[in-house]
Amino acid sequence: AEHMGDDLAEVLLTEEDIHGRLEELAEEVWADYHDKDVLLVGVLKGAIMVMADFMRALPGSAEVDWMAVSSYGSGTKSSGVVRILKDLDTDITDRHVLIVEDIIDSGLTLSWIRTNLLSRGPASLEICTLLRKPTAAKVEIDTRYVGFDIPEAFVVGYGLDYDEKYRNLRVIGTLAPHVYS
Ligand code: PRP
Ligand code: MN
Ligand code: MG
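Given the structure is predicted, the values throughout are model-derived calculations rather than measurements.

Caption draft 1: Representation of helix α3 (residues 108-118). For α3, the complete set of buried residues consists of Thr-109, Leu-110 and Ile-113. Relative to the axis of α3, the buried residues are bounded by an arc of 85° and lie together on one face. Opposite the buried face of α3, at more than 90 degrees from it, the exposed residues are Thr-115 and Leu-118. For α3, the elements touching its buried residues are β2 (38-44), β3 (63-70), β5 (96-104) and β6 (124-132).

What follows is the structure, encoded as structure tokens:
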């Protein structure tokens with residue numbers, strides 16, 4: 001469609017919702033990390049927006065690095081195969097690492113990344129995700145910071161894609177059925 005907004009069935013979270021919650025999370029995170037040298041690890045590509053807004057909401061300086069991982073290919077279901085497309089530039093041995101993610105759905109991506117990063121011997125490893133789906137509750141992932149628990153539906157916008165599209169939407173919403181067909 002000409003306007004991305006026309007492809008949404010419903011807006012779940014507005015810009016204000018998202019930014020307001022990220023401010024709160026940043027405050028919480030800073031209370032825990034102000035005396036530590038935290039390394040934020042963003043998971044490309046979905047986490048770009050969350051990272052950009054979350055890191056600016058932190059009152060002090062923080063290092064940032066990126067990992068590119070893909071498990072979804074072009075569909076709406078996880079393929080079950082996690083691949084590292086780009087590894088960290090930083091040696092995280094003895095570092096306090098905070099993973100920044102857009103969404104935990106099946107939990108496959110983060111449980112894999114978590115195990116992978118833990119094997120490198122960080123001083124600590126925590127997770128901050130903007131969104132979490134009900135399915136994520138079934139997997140054992142210790143997620144210290146969660147923005148919103150959302151219902152089971154395929155969501156796009158604010159970094160989240162469908163077939164690489166809609167990442168640049170300012171809001172987060174569900175896709176209208178006509179988009180899939
Ligand atoms: C999406 C999303 C999360 C992951 C969550 O990434 O950004 O990283 O899926 O799903 P899961 O909990 O079921 O593993 P995707 O693999 O689509 O790559 P992308 O970030 O480049 O869109
Ligand atoms: Mn992702
Ligand atoms: Mg994706």
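There's more to say after this.
Caption draft 2: Spotlight on helix α1 (residues 15-33). In a regular helix each residue adds 1.5 Å, so 19 residues correspond to 27 Å; α1 covers 26 Å between its end C-alpha atoms and thus fits that length. Within the span of α1, buried status applies to Ile-18, Leu-22, Leu-25, Ala-26 and Val-29. Buried residues of α1, seen end-on, are gathered within an arc of 110° and therefore sit on one face of the element. Facing away from the buried side of α1, by more than 90 degrees, are the exposed residues Glu-16, Glu-24, Glu-27 and Ala-31. The elements touched by buried residues of α1 are β1 (8-13), α2 (48-57), β5, β6, β7 (145-149) and β9 (172-175).

How each quantity is defined
Starting afresh in each chain, residues are numbered from 1 along the sequence in its written order. Chains and ligands are labelled by the order in which they are written, letters from A for the one and numbers from 1 for the other. Only residues with pLDDT of at least 70 are given local features in this predicted model, and only at 80 or more are side-chain atom pairs given and counted; all residues enter the totals for whole chains, interfaces and linings. The burial label depends on the number of other C-beta atoms within 10 Å of a residue's C-beta. Counts of 20 or more mean buried, 12 or fewer mean exposed, and intermediate counts mean partly exposed, with C-beta atoms placed from the backbone. A helix here means a DSSP run of H or I that spans at least four residues, while a strand means a run of E at least two residues long, and both kinds are numbered starting from the N terminus. What the arc describes is the spread of directions from the helix axis to the C-beta atoms. Note that contacts rest on C-beta atoms placed from the backbone: two residues are in contact if these are within 7 Å. Expected span of a helix: the number of residues minus one, times 1.5 Å.

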